[in-house]
Number of protein chains: 2
Amino acid sequence: MAIHSTILKLTGLSESQVRERLQEISMPIDCTVSYVTVPGAVHVQLAVSAGSKSDAALAVEETAERITAALDDYVFARDDEQLNETVAALLTKRGLTMAAAESCTGGLIMKWLTDLPGSSRYFVGGVVSYSNEMKINLLGVPAQVLDSYGAVSEQTARAMAEGICRVTGASLGLGVTGIAGPDGATPGKPVGLVFIALAAGDRVWCKGHIFPGQRGGVRAGAANTALHMARRFLSAAGANKSIDTNRK
Amino acid sequence: MAIHSTILKLTGLSESQVRERLQEISMPIDCTVSYVTVPGAVHVQLAVSAGSKSDAALAVEETAERITAALDDYVFARDDEQLNETVAALLTKRGLTMAAAESCTGGLIMKWLTDLPGSSRYFVGGVVSYSNEMKINLLGVPAQVLDSYGAVSEQTARAMAEGICRVTGASLGLGVTGIAGPDGATPGKPVGLVFIALAAGDRVWCKGHIFPGQRGGVRAGAANTALHMARRFLSAAGANKSIDTNRK
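How each quantity is defined
- Throughout this description, residue numbers start from 1 for each chain and increase along the sequence as written.
- Each chain takes a letter, starting from A, and each ligand takes a number, starting from 1, following the order in which they are written.
- Selection of residues for local features in this predicted model requires a pLDDT of at least 70, selection of side-chain atom pairs for listing and counting requires 80 or more, and totals for whole chains, interfaces and linings are taken over all residues.
- Side-chain numbers here rest on the full set of heavy atoms in the structure, without hydrogens or water.
- Helix numbers and strand numbers start at the N terminus; a helix is a DSSP run of H or I with at least 4 residues, a strand a run of E with at least 2.
- The quantity called the radius of gyration is restricted to C-alpha atoms. Its globule counterpart is 2.2 Å times the number of residues to the power 0.38.
- Buried residues are those whose accessible area, probed at 1.4 Å on protein chains only, stays under 20% of the maximum for their type, while exposed residues exceed 50% and partly exposed ones sit between those limits.
- Only heavy atoms matter for contacts: two residues are in contact if any of them lie within 4.5 Å across the pair.
- Using the Shrake-Rupley algorithm and a 1.4 Å probe, accessible areas are obtained, with residue cover drawn only from the displayed protein chains.
- At least two bridges found by DSSP between two strands is the condition for calling them paired.
- To superpose the copies, least squares is applied to the C-alpha atoms of every residue with a pLDDT of at least 70 in both.
- Any Phe, Tyr or Trp ring, taking Trp's six-membered ring, that has another such ring centre within 6.5 Å forms a pair; planes under 30 degrees apart are called stacked, those over 60 apart edge-to-face, and the others tilted.
- In this analysis, axes come from line fits to C-alpha atoms, helices being fitted only over the stretch in contact, and the angle between any two N-to-C directions falls in the range 0 to 180 degrees.
- The term buried area denotes the loss of accessible surface (1.4 Å probe radius) that occurs when two parts are joined, taken as the sum for both partners.
- By definition here, a salt bridge exists when the distance from a side-chain nitrogen of Lys or Arg to a carboxyl oxygen of Asp or Glu is within 4 Å.
- Between N or O atoms, a polar contact is any pair within 3.5 Å; within protein, one atom must be a potential hydrogen donor and the other a potential acceptor, and residues adjacent in sequence are included only when both atoms are from side chains.
- In this classification, the charged set is Asp, Glu, Lys and Arg, the nonpolar set is Ala, Val, Leu, Ile, Met, Phe, Trp, Tyr, Cys and Pro, and all remaining amino acids, among them Gly, are polar.
- As used in this record, nonpolar core signifies buried Ala, Val, Leu, Ile, Met, Phe, Trp, Tyr and Cys residues forming a set joined through side-chain atoms within 4.5 Å.
- Given the number of residues in a helix, its expected span is that number minus one, multiplied by 1.5 Å.

Caption draft 1: Summary view of the overall build of chain A. Along chain A, the regular secondary structure elements total 9 helices and 9 strands. Against the globule reference of 18 Å for 248 residues, chain A gives a C-alpha radius of gyration of 19 Å, in line with a compact fold. With respect to the principal axes defined by its C-alpha atoms, chain A has extents near 65 × 40 × 30 Å. Considering chain A as a whole, with its 248 residues, one finds that 56% of them fall into the buried category. Taking contacts inside chain A between residues at least 6 apart in sequence as the whole, the part at least 24 apart equals 66%. With an accessible surface of roughly 10,500 Å², chain A has 51% of that area assigned to carbon and sulfur atoms.

Right, here's the structure in full:
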């Protein structure tokens, strides 16, 4: 008998949501699944026992791929992979640069990106826009957008991502605005609600999330999700093309 | 016999520099001094054994005060005190706001300030200006300053601190520029060299430091020192007055 295991790291779902989603995915009979919640992520360990080492490894690999394919939006890393390193490698490989406009994450994404030596090759900088004035004056978010939809809205996140690209000239821009808590919730906008936008060329994608946990968990979850969004864009075949085309 | 102990946290000096400086300070006979180096700080534990609990506590207290008075530039926290909480409490008490312009620290100072719930009451935001273009376009650092003195210089740090105050309207502005390493050193500018400026009203203070350690240690040391500089300003009696006077 041999045992092989791997850890999948998911963000944007609570542990109970992850458990629920995994019930829909077929697992090998001898697979043990265990869960650990850390701030901003749920770690899922898959361990399979089989007659041989290679059989166990194959079963783990197939299961991990099934889960990753089904929960592509949420699986942001595997085992010791560091998401900031993955994004840095993809930016370098494609010769692209990145900038960020952060509200509720308060600089966490930029801190992670600049933890790495040589980050000035792909990271140009960004803005932490805690106040509405900074969103308007430094990022060019229209006051009317803030008035109509609020600072925590899809429209504001989009304008932040577009604004930081415009201001910095970066190929990719992230815009993150949300309610990290414990205060700040309003009717219809609970603690944990975060809008994350990615701008590339003249295209912008945005998604709203409700991150579980305390302030630290909401912030780390939003930062993980933002970098995961950038990673998925950069991994897609047409990443450079969509930026180049839009720039013409 | 009773033992009492305390931990002083110092930044901006290596462990051997701290040991050297403490040799100049008189210690009780039964005082054991031990050192732990962590990224960005040296922790000094003083433990005194004496006939009674109160004698031990008194001897520790007197020694800690002597060290803190002698090394005021470097002692940034004691025991479980969190420097970001101290700065936040002082800003709140004085009704002042803060902003930051970070280069080599890449958002770490802003991340620490916004780790705390309710930080939008005293923190307005800031800029991570990794490129020269961001220093010029977003912070108004004169191109001529960058050309003449370089991005890592006292002049640039001062212009960054003044710039972020001007752009955000914050009462206090921090400007941090340096070489976190492992690359980036030039003749006369070694890895670890960081200039930290504090602007308040129309006054600006700036000091150059050489932080020991790896990239993470240099960045944490610079962030600790920047917040310590803000704390010392805010603790001084005339903090509000100097800002108000300057604004007239």
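From this point, the narrative continues.
Caption draft 2: Spotlight on the pairing of strand 2 (residues 31–38) of chain B. Residue and element names in this part refer to chain B. Pairing analysis gives 8 bridges linking strand 2 to strand 3 (residues 41–50), with the strands arranged antiparallel. When the sheet's bridge partners are listed, valine 33 is paired in strand 3 with leucine 46. Between the antiparallel neighbours strand 2 and strand 3 lie 2 residues, among them glycine 40 with a positive phi of about 85°.

Caption draft 3: Expanded view of the relation of the copies chain A and chain B. Take chain A, turn it by 180°, move it 0.1 Å along the axis, and it overlays chain B with an RMSD of 0.0 Å. What we have between these two chains is a two-fold relation. Most of the interface of chain A is mirrored in chain B, where 100% of its interface residues are also at the interface.

Caption draft 4: Structural context of the packing of aromatic side chains. In the structure shown here, the tally under the stated rule is 4 aromatic pairs over all chains. Judged by centre distance (5.5 Å) and plane angle (65°), the rings of phenylalanine 123 of chain A and tyrosine 130 of chain B are edge-to-face. One end of the pair, phenylalanine 123 of chain A, is in strand 6 (residues 123–129); the other, tyrosine 130 of chain B, is in the loop between strand 6 (123–129) and helix 5 (132–137), on a second chain. Comparing phenylalanine 123 of chain A with tyrosine 130 of chain B shows no difference in burial state: the two are buried. When the ring of tryptophan 205 of chain B is compared with that of phenylalanine 233 of chain B, the centres are 5.4 Å apart and the planes differ by 50°; the resulting orientation is tilted. A residue pair is termed long-range when its members are at least 10 positions apart, and tryptophan 205 of chain B in strand 9 (residues 203–210) and phenylalanine 233 of chain B in helix 8 (residues 215–235) qualify at 28 residues. On the accessibility criterion, tryptophan 205 of chain B (27% relative accessible area) is partly exposed. For phenylalanine 233 of chain B, a relative accessible area of 11% puts it in the buried group.

Caption draft 5: Focus on the sheet that holds strand 1 (residues 2–10) of chain A. Residue and element names in this part refer to chain A. One open sheet accounts for 4 strands, arranged 2-3-1-4; its pairing is antiparallel. Strand pairing shows two members of the sheet lacking a second neighbour, strand 2 (31–38) and strand 4 (75–78), which therefore form its edges. Mean inter-strand twist for the sheet, computed between neighbouring axes without regard to direction, equals 25°. Two strands pair when backbone bridges link them, and strand 1 and strand 4 are joined in this way by 3 bridges, in the antiparallel orientation. Along strand 4, the bridge assignment pairs lysine 9 with alanine 77. Against the sheet, helix 1 (residues 15–22) contacts strand 1, strand 2 and strand 3 (41–50), and its axis sits at roughly 155° relative to strand 2. Against the sheet, helix 8 (residues 215–235) contacts strand 3 and strand 4, and its axis sits at roughly 85° relative to strand 4.

Caption draft 6: Region of interest: the interface of chain A and chain B. Listed per partner, the contact involves 30 residues of chain A and 30 residues of chain B. In this assembly, chain A packs against chain B so that about 2,100 Å² is buried in total across both faces, 62% of it on carbon and sulfur atoms. The shortest N-O distance in the salt bridge between arginine 219 of chain B and aspartate 115 of chain A comes to 2.8 Å. Inspection of the chain A/chain B interface yields 26 residue pairs in polar contact (both at pLDDT 80 or more). Counting only elements with at least two residues in the side of chain A that touches chain B, the list comes to helix 4 (108–114), strand 6, helix 7 (154–168) and helix 8 of chain A. Counting residues per element, the side of chain A that touches chain B draws most heavily on strand 6 of chain A, which supplies 7 residues. Across the side of chain A that touches chain B, the residue classes tally to 13 nonpolar, 13 polar and 4 charged. Sheet analysis places strand 6 of chain A next to strand 6 of chain B, joined by 5 bridges and oriented antiparallel. Bridging across to strand 6 of chain B, glycine 125 of chain A finds its partner in serine 129 of chain B.

Caption draft 7: The arrangement of the nonpolar core in detail. Counting 82 residues, the largest nonpolar core has Leu172 of chain A together with Leu172 of chain B as its most contacted members. If near-sequence neighbours (up to four positions away) are discounted, leucine 172 of chain B is found in contact with Leu91, Thr97, Met98, Ala99, Cys165, Leu198, Ala199, Ala200, Phe233, Leu234 and Ile243 of chain B. Grouped together as the second largest cluster of nonpolar side chains are 28 residues, Leu139 of chain A together with Ala99, Ala101 and Ile164 of chain B included.

Caption draft 8: Molecular detail of the environment of glutamate 154 of chain A. Residues and elements named next belong to chain A. Within the element layout of this structure, glutamate 154 appears in helix 7. Exposure remark for glutamate 154: the relative accessible area of 32% places this residue in the partly exposed category. Sequence-wise, glutamate 154 and leucine 193 are 39 residues apart; in three dimensions their C-alpha atoms are separated by 11 Å. The residues touching glutamate 154, leaving out its near neighbours within four places in the chain, are Phe195 and Cys206.

Caption draft 9: Seen up close, the sheet that holds strand 4 (residues 75–78) of chain B. Residue and element names in this part refer to chain B. With antiparallel pairing, the 4 strands of this open sheet are ordered in space as 2-3-1-4. In this open sheet, the two edge strands, each paired with only one partner strand, are strand 2 and strand 4. Across the sheet, the mean angle separating the axes of adjacent strands is 25° when strand polarity is ignored. Together, strand 1 (2–10), strand 2 and strand 3 form the strand contacts of helix 1 (residues 15–22), whose direction differs from that of strand 2 by roughly 155°. Sitting on the sheet, helix 2 (residues 53–70) is in contact with strand 1, strand 3 and strand 4, with an inclination near 20° to strand 1.

Caption draft 10: Fine view of the pattern of salt bridges. Residue and element names in this part refer to chain A. Tallied over the entire structure, the rule returns 20 salt bridges over all chains. Here lysine 111 and aspartate 115 are joined by a salt bridge, their closest N and O atoms 3.1 Å apart. Overall, the relative accessible area of 28% leaves aspartate 115 in the partly exposed class. Each of Asp72, Asp73, Lys207 and Arg232 takes part in salt bridges that share partners, so that together they form one network.

Caption draft 11: Region of the structure containing helix 3 (residues 83–94) of chain A. Taking 1.5 Å of rise per residue, the 12 residues of helix 3 of chain A would be expected to cover 16 Å, and the 17 Å separating its terminal C-alpha atoms lies within 8% of that figure. Residue glycine 95 of chain A follows helix 3 of chain A closely and has a positive phi angle near 65°.

Keep in mind these values describe shape, not function.
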